[in-house]
Amino acid sequence: MQYRELKVPGAWEITPQQYGDPRGVFLEWFKGSVFAEHVGHPLDLVQANMSVSAAGVLRGIHFADVPPGQAKYVVCPKGAVLDVVVDIRVGSPTFGQWDSVLLDDVARRGIYLGEGLGHAFLSLEDDSTVMYLCSTGYNPGGEHGIHPLDPEVGIEWPTVGRDGTPLTYTLSDKDTAAPTLSEAREQGLLPTHEAGAAYVASLGGATP
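Residues numbered from 1 in each chain as written. Predicted model: local features only at pLDDT ≥ 70, side-chain atom pairs only at ≥ 80, totals over all residues. Heavy atoms only, no water.

### Topic: the packing of aromatic side chains
Geometry of an aromatic ring pair is reported as the spacing of the ring centres plus the angle between the planes. Per the stated rule, a full pass over the model turns up six aromatic pairs. Ring centres 6.2 Å apart and planes at 65° place the aromatic pair tyrosine 3 and tryptophan 12 in the edge-to-face group. For tryptophan 12, a relative accessible area of 13% translates into the label buried. Their ring planes at 50° and their centres at 5.8 Å tell us that phenylalanine 30 and phenylalanine 35 sit as a pair that is tilted. By relative accessible area, which is 0% here, phenylalanine 35 ends up buried. Here the aromatic cluster, defined as three or more aromatic residues joined through ring pairs, consists of Trp29, Phe30, Phe35, Tyr73 and Tyr112. (Phe/Tyr/Trp six-rings, centres within 6.5 Å; stacked < 30°, edge-to-face > 60°. Buried < 20%, exposed > 50% of the residue type's maximum accessible area, 1.4 Å probe, protein only.)

### Digging into the pairing of strand β9 (residues 98-104)
The element β9 is extensively covered by neighbouring structure, given that five of its seven residues are classed as buried. Summarising the sheet, strand β8 (residues 80-87) and β9 pair through seven bridges and their orientation is antiparallel. Counted as the bridge partner of aspartate 83 is valine 101 from β9. (Helix = DSSP H or I, 4+ residues; strand = E, 2+ residues; numbered from the N terminus. Pairing = 2+ DSSP bridges.)

### Describing the sheet that holds strand β10 (residues 110-113)
Strand order in the open sheet formed by six strands is β1-β2-β10-β7-β12-β5, with antiparallel pairing between adjacent strands. Pairing within the sheet leaves two strands with one partner each, and these edge strands are β1 (2-5) and β5 (47-53). Strand-to-strand twist of the sheet, defined as the mean angle between neighbouring strand axes without regard to direction, takes the value 20°. In this sheet, strand β12 (residues 128-134) lies alongside β5 in antiparallel orientation, the contact comprising seven bridges. Looking at β12, one finds that methionine 50 is bridged to methionine 131. Its contacts with the sheet put helix α1 (residues 32-39) on β1, β2 (11-15), β7 (72-78) and β10, and the angle it makes with β1 is roughly 30°. (Axes fitted to C-alpha atoms, helices over the stretch in contact; angles between N-to-C directions. Contact = heavy atoms within 4.5 Å.)

### A closer look at the side chain of lysine 72
For lysine 72, the position within the fold is in strand β7. For lysine 72, which is buried and forms no salt bridge, the nearest opposite charge comes from glutamate 143, at a distance of 6.3 Å. Not counting residues within four places of it along the chain, the set of residues in contact with lysine 72 comprises His62, Ile111, Tyr112, Leu113, His119, Tyr132, Leu133 and Cys134. (Lys, Arg positive; Asp, Glu negative; His and termini not counted. Salt bridge = Lys/Arg side-chain N within 4 Å of Asp/Glu carboxyl O.)

### Here's the deal with the sheet that holds strand β6 (residues 58-64)
Pairing within the open sheet is antiparallel, and its five strands lie in the order β9-β8-β11-β6-β13. Single-partner strands in this sheet number two, and they are β9 and β13 (143-145). Taken pair by pair, the neighbouring strands of this sheet meet at an average axis angle of 25°, ignoring direction. Judged from the three bridges that link them, β6 and β13 form a sheet pairing that is antiparallel. Bridge pairing in β13 links histidine 62 to glycine 145.

Shown next, in the form of structure tokens:
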């Protein structure tokens, strides 16, 4: 299992080793000891979520209040999605920057997003299934969003699906009404880099 830190500190790409034979494939998609070795602290699993999305469904950019925030370990066991992490921590040296990982049922990579980071993904195929391991439970009063097509963030979303068919983006009403990054900052919704670093340090990890 290989870990690669993304250009947004606190986020990692995870590539598992796959073992195939005539029966199929076996892999470890999460291993606590390896995770803690690379990230610097264990993942306190509190909730596990799953979503299934048609091609073109765009979810995010979602984030939670810090503390405690919500760290996510995300995989796509069926289909394909472009998974994106956005640094929304006010005061971070990489504030406003983003990075992405292709999650699919071929390489079977995962992505880990630490507390205080924004998360979004675009489904590239019908019935793409995404599974999330979460460090905290759902807290509707402490969860927020930024519009995933905000030009200030400038995410380069794919325009065609896995099979080359043009994509038409489909957003929820909540995501369509979400503020831009600047608006969210003005409204005081964004976590600070200081708060995120302090919380990660309390878990025993290095400050991102």
